[in-house]
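Geometric and topological summary
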Amino acid sequence: TCIFCGEKNELFVNDGLEQHYWSICPMLTRCKECNQVIEIATLIDHLLSECTNHEKYSQCLRCNEAILKTEYEKHTKLKECLEAKPNTNRCPLCHNNIDSNGEQSWREHLMSVDGCVRNPRRELAIKKKNKEHQQPHLPISQKSHHPQQQQQQQQQSSTSNVIKKQNTKKVTGLPQLPREL
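Here, residues in each chain are numbered from 1, in the same order as that chain's written sequence. For a predicted model such as this one, the threshold for reporting local features is a pLDDT of at least 70, and the threshold for listing and counting side-chain atom pairs is 80 or more; totals across whole chains, interfaces and linings nevertheless cover every residue. Here the side-chain values reflect all heavy atoms present in the structure, with hydrogen atoms and water set aside.

Sulfur atoms of two cysteines make up a disulfide when they are within 2.5 Å. Counted by the stated rule, this structure contains 0 disulfides. The thiol sulfur of Cys-94 is not disulfide-bonded, and the nearest other cysteine sulfur, from Cys-91, lies at 3.7 Å. For every residue, the accessible area obtained with a 1.4 Å probe (protein chains only) is divided by the maximum for its type, and the residue is called buried under 20%, exposed over 50%, and partly exposed between those limits. Overall, Cys-94 belongs to the buried group, its relative accessible area being 15%. Free of any disulfide, Cys-116 has its nearest cysteine sulfur in Cys-91, 3.8 Å distant. Of the residues examined, Cys-116 reaches a relative accessible area of 1% and is grouped as buried.

We define a salt bridge as a contact between a side-chain nitrogen of Lys or Arg and a carboxyl oxygen of Asp or Glu at a distance within 4 Å. Evaluation of the coordinates by the stated rule reveals 3 salt bridges. Notably, a salt bridge pairs Glu-33 with Lys-56, separated by 3.1 Å at the nearest N-O pair. One end of the pair, Glu-33, is in the loop between strand S1 (28–30) and strand S2 (37–39); the other, Lys-56, is in the loop between helix H2 (43–50) and strand S3 (57–59), with 23 residues separating them in the sequence. By relative accessible area, which is 39% here, Lys-56 ends up partly exposed. Note that Glu-73 and Lys-77 form a salt bridge whose closest N and O atoms lie 3.1 Å from each other. Of the two residues, Glu-73 and Lys-77 both sit in helix H3 (residues 69–78), 4 residues apart, roughly one turn of that helix. Helix and strand assignments follow DSSP, with helices taken as H or I runs no shorter than four residues and strands as E runs no shorter than two, numbered in order from the N terminus.

Moving on: helix H1 (residues 16–23). Within H1, the full set of buried residues consists of Leu-17, His-20 and Tyr-21. The buried side chains of H1 occupy one side of the element, clustering within an arc of 95 degrees when seen end-on. Within this analysis, the arc is defined by the directions that extend from the helix axis to the C-beta atoms.

Below, the discussion takes up unusual backbone geometry. The phi dihedral of Asn-35 is positive, around 70 degrees, even though this residue is not glycine. One can find Asn-35 in the loop between S1 and S2. Here the phi dihedral of Asn-64 falls at roughly 70 degrees; this positive angle occurs in a residue that is not glycine. If you trace the backbone, Asn-64 turns up in the loop between S3 and strand S4 (66–68).

Aromatic contacts are taken between Phe, Tyr and Trp rings whose centres are within 6.5 Å, Trp giving its six-membered ring; a plane angle under 30 degrees counts as stacked, one over 60 as edge-to-face, and the others as tilted. One pass over the structure, following the stated rule, counts 1 aromatic pair. Ring geometry for Phe-4 and Tyr-21: centres 5.4 Å apart, planes at 75 degrees, overall edge-to-face. In this pair, Phe-4 sits in the segment before H1 while Tyr-21 sits in helix H1, placing the two residues 17 residues apart along the sequence. Residue Tyr-21 is classed as buried on the basis of its relative accessible area of 4%.

So, on to the nonpolar core. Put simply, a nonpolar core is a bunch of buried Ala, Val, Leu, Ile, Met, Phe, Trp, Tyr and Cys residues held in one set by side-chain atoms that sit within 4.5 Å of each other. Grouped together as the largest cluster of nonpolar side chains are 19 residues, with contacts concentrated most on Cys-2, Phe-4, Cys-25, Met-27, Trp-106 and Leu-110. In terms of nonpolar packing, the next biggest core, distinct from the first, is built from 9 residues, Cys-31, Cys-34, Ile-38 and Cys-51 among them.

We now examine the side chain of Glu-65. With respect to the helices, strands and loops of the structure, Glu-65 is situated in the loop between S3 and S4. Given the relative accessible area of 6%, Glu-65 is considered buried. Not counting chain neighbours up to four residues away, the residues in contact with Glu-65 comprise Ile-44, Ser-58, Gln-59, Cys-60, Arg-90, Cys-91, Pro-92 and His-95. Contacts: residue pairs with any heavy atoms within 4.5 Å of one another.

We now examine the environment of Leu-93. Residue placement: Leu-93 occurs in the loop between strand S5 (88–90) and strand S6 (97–99). Along the chain, Leu-93 and Arg-118 lie 25 residues apart, while their C-alpha atoms are 5.6 Å from each other. Ignoring sequence-local partners within four residues, the contact set of Leu-93 consists of Ile-40, Leu-110, Cys-116, Arg-118 and Asn-119.

Purely geometric numbers; function is a separate question.
Okay, structure coming up:
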């Protein structure tokens, strides 16, 4: 089970979970500066303090986003950024304010059909979830004994459910993920 998006998949047992983190999980992204995989919810903080290239960024006092220092003066003079509202979080992808209702607000924003249109992994997750709901589960008598077909059937029958994350998250094998989740 992915601790970020809640997807359950039998293929996560081996290297599948790491692959999911690196390229599929709709709650994660790669930092464009250091290529680390991080939660989208922490991208602004990452760019301002944790990233190996954090010195390239300053925080806009109006929108609270991480802005490249080379673009900061232009960004602040134009005042075209959406002002951050109290008690909200800021999506670094679409630049909208979202409820500060914790993980559930982020999941709804980043994973739902009406969610963040700038999250490239969101549509893949929605398509995958829809495909899984449309395909019937095969009875044991119809399951293949050929390894490649078994793997395809496992992928088809994996479920994608959003579950409530535990308060503590521990990810092994990915040292680039921030500890503060």
